[in-house]
Amino acid sequence: MSGDALSSDWAPTFAAVPRSAFLPELMWPFDMRAGKSVAISKSDDPTAWLGYADSDVPIVTQWDDGTHNGIEPGQVSTSSASMPSVVFRMLRDLEVQPGNRAMEIGTGTGWNAALLAHRLGAQNVVTVEVDDSVAEQARTALDRFGLPVRVVHGDGFKGFPDGAPYDRIIATCGLRSIPFAWVQQCKPEGAIVAPWGTHYSNGDAVARLVVADDGESASGHFTGPVEFMKLRAQRRPHVDHDAYVTGSVADGDESSTDITEEEFIGGQFGPERFALGLRIRDCCHTVAEKHDGARPVWFYGLGDHSWACVMFRDGKSARVWQSGPRRLWDEAEAAFRWWEGKGKPGHERFGLTVKAEGQSVWLDDPSHSWPS
C-alpha cells in the first residue's frame, strides 16, 4: 500500500501540512511488527509519537463511537488518520484544479481537508463529519493551523447541498452505496472519489466516478484496493454465528471442491474477495485462523439464515457444508469460476455507475453491468 512517489503538484502541500499537526495527544497507531494498534501518548513519549505520526501507518484516533475510555485500544475503531500513501493516492485520483470547490465526507482529524485547503483555499473546501466531538476537534485543529475550512456536523450521506455545486467530492470512509445526492451536488464532468465495496468483506476499492454532462449519472473505474472504516449508516449488520448454525456443522449438506485455499482466499489486497463480493449478493464471509493445516471459511446470508462452510486442508481437497434456502458455497464457487473465466481481472477492470434508481457494477465497460 505504500511506495507511491508524491507527484510534483502535491509534494509542496504534503511538506507544508504535516499529519502531526492534526493528531491528538493520545493515539493508537498500527504497529506493523506487532500486528496491532498500540497506545502512544505525546507527553509520555514524544519521540515515538512523532515517529508514528511521520510513518506510513494508519492511526486510530477514536474507538467505539467515542464511548471508549482508557489507554488500551477499544473494541471497534471508529475514527482515524489514514496511511499517508493512501491519502495521497486518493487525492491524486481526485485531480483537483485551481479554483475547484471540494466537499469531503468524513472529516476525521481534519488533515485531509487541510491538504485540500492548502491547494484550493480554505474558502473552497467544506467537510462533513457525523460525530460532533470529532468535528469540533478537527475544526479546532484546522483553525489553529490557519486553514479555517468549514466543518459541518451532519450526515455525510446527504452531502451538504448549501455549499453545492462542487467540482470534486471525496469520501474518507468506506461506502456500500454511493448516494445519488452526491451526484446531484457535483457539477457535470466533476469527479467523485470514494472507497466502495460490499458486505462480503472489509476490502474496498477506490471508485473514481465522473458525473455525466446531463447530471443524471456518475460512472468510472476503480483505481486500486483500500480498506476504510465504513460510513456509520452503512456498517455491516451484526452476524451472530449461533443464530445461523444452531446444531452441528455436519447437519448441513456435505460436498467437496477442488478450489484450493490459496486460489480462493488470495492476498490481503488481492482482487479475489473484492470480485467475489460483486457477484454474491447479500452475503458476508469470514476467514478463520489456520490450525493444524486446516482453515475454515464461513459464509452467512444477510437476508436469511443460510450458511456455508468450506474447510480447506493442506494437501487434501476441501470439504463443504451448507444449509438454508440459499446454497451459498455454490454461489461462491460459481462467482470464483466466473472471475477465473474472465482472466482473473484486478480491481482496475471493474467499475461502478450511480443513478437515481440505484447503482450497478461492471467489468471493463458499463454495458457489461449488473446491479450491486
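Up top you'll find the structure we're talking about.
Residues numbered from 1 in each chain as written. Predicted model: local features only at pLDDT ≥ 70, side-chain atom pairs only at ≥ 80, totals over all residues. Heavy atoms only, no water.

1. Examining the overall build of the protein
- Helices and strands together make up the secondary structure of the protein, namely ten helices and 20 strands.
- For a compact globule of 372 residues, the expected C-alpha radius of gyration is about 21 Å, and the protein comes in at 22 Å, within 12% of that figure.
- Counting across all 372 residues of the protein, residues that qualify as buried make up 52%.
- At a minimum sequence separation of 6, the contacts of the protein that also span at least 24 residues come to 59%.
- About 16,600 Å² of surface is accessible on the protein, with carbon and sulfur atoms providing 48% of the total.
- In the protein, which carries 35 positive and 51 negative side-chain charges, the distance between the mean positions of the two groups comes to 2 Å. (Helix = DSSP H or I, 4+ residues; strand = E, 2+ residues; numbered from the N terminus. Rg over C-alpha atoms; globule rule 2.2 N^0.38 Å. Buried < 20%, exposed > 50% of the residue type's maximum accessible area, 1.4 Å probe, protein only. Contact = heavy atoms within 4.5 Å. Areas by Shrake-Rupley, 256 points an atom, 1.4 Å probe, with all protein chains shown as cover. Lys, Arg positive; Asp, Glu negative; His and termini not counted. Charge placed at Lys NZ, Arg CZ, Asp CG, Glu CD.)

2. Focus on the nonpolar core
- With 56 residues, the main nonpolar core has Phe264, Phe299 and Phe350 as its most contacted residues.
- The dominant element in this core, judged by the number of residues it contributes, is helix H10 (residues 328-341), at seven residues.
- In this structure Phe264 touches Tyr200, Ile259, Glu272, Leu276, Val297, Phe299, Phe312, Trp329, Ala332 and Phe336, once residues within four positions along its chain are discounted.
- The next biggest cluster of nonpolar side chains, apart from the first, holds 33 residues, and it includes Met83, Met90, Ala135 and Val226. (Core = buried A, V, L, I, M, F, W, Y, C linked by side-chain atoms within 4.5 Å.)

3. Remarks on the pairing of strand E12 (residues 217-226)
- The buried fraction of E12 amounts to seven of the ten residues, a majority that puts the element mostly inside the structure.
- With five bridges joining them, strand E11 (residues 204-211) and E12 adopt antiparallel strand pairing. Following the sheet pairing, Asp204 is matched in E12 by Val226.
- Taking the residues between adjacent antiparallel strands as the criterion, E11 and E12 are bridged by five residues, where Gly215 takes a positive phi near 70°.
- Bridging between E12 and strand E18 (residues 350-355) involves five bridges; their strand directions are antiparallel. (Pairing = 2+ DSSP bridges.)

4. Remarks on the packing of aromatic side chains
- All chains considered together, the criterion is met by 19 aromatic pairs.
- Of the aromatic side chains, those joined through ring pairs into one cluster are Trp196, Phe222, Phe274, Trp338, Phe350 and Trp370.
- Positioned above the aromatic ring of Trp49, the side-chain terminus of Lys42 is 4.6 Å from the ring centre.
- We note Arg279 situated over the ring of Trp370; from NZ or CZ to the ring centre the distance is 4.6 Å. (Phe/Tyr/Trp six-rings, centres within 6.5 Å; stacked < 30°, edge-to-face > 60°. Lys NZ or Arg CZ within 6 Å of the ring centre and 35° of its normal.)

5. Focus on helix H2 (residues 46-53)
- Among all positions in H2, only Trp49, Tyr52 and Ala53 are buried. Viewed along the axis of H2, the buried residues span an arc of 105°, placing them on a single side of the element.
- For H2, the secondary structure elements touched by its buried residues are strand E1 (26-31), strand E3 (40-41) and strand E4 (59-63). (Arc of directions from axis to C-beta.)

6. Quick look at helix H3 (residues 84-94)
- Summarising burial for H3: ten of the eleven residues are buried, a large majority.
- The set of residues buried in H3 consists of Pro84, Ser85, Val86, Val87, Phe88, Arg89, Met90, Leu91, Asp93 and Leu94.
- Buried positions along H3 lie against helix H1 (11-16), helix H4 (111-120), strand E9 (166-171), strand E10 (186-196), E11 and E12.

7. Digging into the packing of helix H9 (residues 272-279) against H10
- Running from N to C, H9 and H10 point in directions that differ by 115°, and their axes come no closer than 9 Å. Crossing of H9 against H10: the hand is right-handed. Seen from H9, the contacting residues are Glu272, Ala275, Leu276 and Arg279; seen from H10, they are Ala332, Ala335, Phe336, Trp338 and Trp339.
- Here the residues of the contact of H9 with H10 are counted per class, giving seven nonpolar, no polar and two charged. (Axes fitted to C-alpha atoms, helices over the stretch in contact; angles between N-to-C directions. Left-handed = near helix turned anticlockwise from the far one by under 90°. Nonpolar A, V, L, I, M, F, W, Y, C, P; charged D, E, K, R; others polar.)

8. Section: the sheet that holds strand E19 (residues 358-363)
- Across the sheet, which stays open at both edges, the ten strands sit in the order E8-E7-E6-E9-E10-E11-E12-E18-E19-E20 with mixed pairing between neighbours. Across the chains shown, the open sheet's two edge strands, defined by having one partner strand only, are strand E8 (150-153) and strand E20 (369-371). Here the average twist between neighbouring strands, direction ignored, is 20°.
- As defined by bridge partners, strand E6 (residues 102-105) adjoins strand E7 (residues 125-129) across four bridges and the pair is classed as parallel. Bridge pairing in E7 links Ile105 to Val128.
- Docked against the sheet, H4 engages E6, E7 and E9, running at close to 170° with respect to E7.
- Taken strand by strand, helix H5 (residues 132-145) contacts E7 and E8, and its axis lies near 170° from that of E8.

9. Focus: unusual backbone geometry
- Of note, the bond from Ala164 into Pro165 is cis; its omega dihedral lies within 30 degrees of zero at 5°.
- Structurally, Pro165 is set in the loop between E8 and E9.
- In this structure, Asp64 takes a positive phi of about 55° despite not being glycine.
- Mapped onto the fold, Asp64 is located in the loop between E4 and strand E5 (77-81).
- Positive phi values are uncommon outside glycine, yet Asp364 reaches one of about 70°.

10. Structural notes on the side chain of Gln322
- Relative to the elements of secondary structure, Gln322 occurs in strand E17 (residues 316-323).
- Of note is the side chain of Gln322, whose polar atom sits 3.0 Å from the side chain of Asp330. (Polar contact = N/O pair within 3.5 Å; in protein donor to acceptor, adjacent residues only side chain to side chain.)

11. As for the environment of Asp282
- Looking at the element boundaries, Asp282 is found in the loop between H9 and strand E14 (283-287).
- C-alpha separation for the pair Asp282 and Asp304, spaced 22 residues apart in sequence, amounts to 9.2 Å.
- The contact partners of Asp282, leaving out residues within four places of it in the chain, are Tyr300, Gly301, Leu302, Gly303 and Arg326.

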